[in-house]
Amino acid sequence: MTTYGYAGRMLRIDLSSGKVSEFSTLDYAGDFLGGRGLAATIYWNEMPPETDPFDEESRLIFALGPMCGVPVLGASRWGVFGKSPQSSPPQFCYSNLGGHWGAELKFAGYDGIVIYGKSENPVYLFISNGSIEIKDASGVWGRGAVETREALKAELGKSVRVVAIGPAGENEVITASLLADNDASASSGLGAVMGSKKLKAVAVKRSRKELIIARPEELRRITDYFRSLQT
């Protein structure tokens, strides 16, 4: 079945065991629209109300909608979702980001990542060419998010897109944020959730160049119209 706008797959990663698996985006996308719909549904299904943001079973979800990666003005938005320790009481929150990271994840073949469990040691994820690696992050643990981003790009290649946390997230400061390429930032305290899992960063490198669009001519016409409004 053709998955217009979607890559068609999502990742599930258990940092406690190191297990990585995939599931179909269409398990959810037929009934729930966009990255926010995907993430909210997964959160509802998998997060009991009593789960603390820093529990091992707490979900941290990166998710994309069908427009992410499509060449339309303002389309490549993406989100980070989970239970925030910043709210009182802790509750479902999300941040909406721009930049290239979301589109890069889709071009790497995935519409989202569901992360749970806790690593014993600092790690980062590297997604490239269908390979998902959980790599040692001890060399960048303690560094700021920008410094971490640049260090991983130096190691993995300048084209890699990175979202990372800094020392605030590592130390579970409830206001901690995430920072991605183009300095796109996510607040809502989800950087602390990421830090509680000993997850320093997620680095992504694309393996394909384009998405399948259901009606490309209509999309081009609409895009041209939006661009004309800027003049």
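Reading the values: rules and limits
Each chain carries its own residue numbering, running from 1 in the written order of its sequence. Restriction of local features to residues with pLDDT of at least 70 applies here, the model being predicted, together with a cutoff of 80 or more for giving and counting side-chain atom pairs; totals for whole chains, interfaces and linings are based on all residues. Processing note: side-chain calculations cover all non-hydrogen atoms of the structure and skip hydrogens and water entirely. Residues form patches when they are more than 30% accessible in relative terms and have no salt bridge. Like charges link within 9 Å. Nonpolar side chains (Val, Leu, Ile, Met, Phe, Trp, Tyr) link within 5 Å. Using a 1.4 Å probe, the Shrake-Rupley method yields the accessible areas, and only the shown protein chains count as cover for residues. Salt bridge, as used here: a side-chain nitrogen of Lys or Arg that lies within 4 Å of a carboxyl oxygen of Asp or Glu. Runs of E in the DSSP output that reach at least two residues are strands. Runs of H or I that reach at least four are helices, and both are numbered from the N terminus. Relative accessible area decides the class of each residue, using a 1.4 Å probe on protein chains only: under 20% of the type maximum gives buried, over 50% gives exposed, and in between gives partly exposed. Paired strands are those between which DSSP finds at least two bridges. In this description, contact between two residues means that some pair of their heavy atoms is separated by no more than 4.5 Å.

A surface patch of nonpolar side chains, amounting to about 400 Å² of accessible area, comprises Ile222, Tyr225, Phe226 and Leu229. Looking at the secondary structure, you find Tyr225 in helix α7 (residues 216-228).

Glancing now at the pairing of strand β4 (residues 78-84). β4 sits mainly inside the fold: seven of its seven residues count as buried. As paired strands, strand β3 (residues 60-64) and β4 are joined by five bridges and run antiparallel to one another. Bridging from a neighbouring strand, Ile61 pairs with Phe81 of β4. With seven bridges joining them, β4 and strand β5 (residues 91-97) adopt antiparallel strand pairing. Paired with Phe81 across the strands is Tyr94, a residue of β5. Counted between consecutive antiparallel strands, the loop separating β4 from β5 contains six residues.

This brings us to the environment of Ala151. Among the secondary structure elements, Ala151 is positioned in helix α4 (residues 145-156). Spatially, the C-alpha atom of Ala151 lies 29 Å from that of Pro53, the residues being 98 residues apart in sequence. What Ala151 contacts, discounting residues up to four positions off in sequence, is Val140 and Arg143.

With that out of the way, let us pick up the pattern of salt bridges. Where charged atoms from two side chains of opposite charge approach closely, those side chains can pair. Tallied over the entire structure, the rule returns 14 salt bridges. We note a salt bridge from Arg206 to Glu104, for which the minimum N-O separation is 3.3 Å. You can see Arg206 sitting in the loop between β12 (199-205) and α7 and its partner Glu104 sitting in helix α3 (residues 101-107), a full 102 residues away along the chain. Between Arg161 and Asp181 there is a salt bridge, with the nearest N and O atoms lying 3.6 Å from each other. In this pair, Arg161 sits in strand β9 (residues 161-164) while Asp181 sits in the loop between β10 (178-180) and β11 (185-186), placing the two residues 20 residues apart along the sequence. Here the salt bridges do not stand alone but share partners, grouping Arg12, Glu46, Glu57 and Arg59 into one network.

Glancing now at the sheet that holds β11. The six strands are arranged β8-β7-β12-β9-β10-β11 in an open sheet whose pairing can be described as mixed. Of all the strands in the sheet, just β8 (131-136) and β11 have a single pairing partner and so form its edges. Sheet topology places strand β7 (residues 123-128) next to β12; six bridges connect them, and they run parallel. Bridged to Ser128 within β12 is Lys205.

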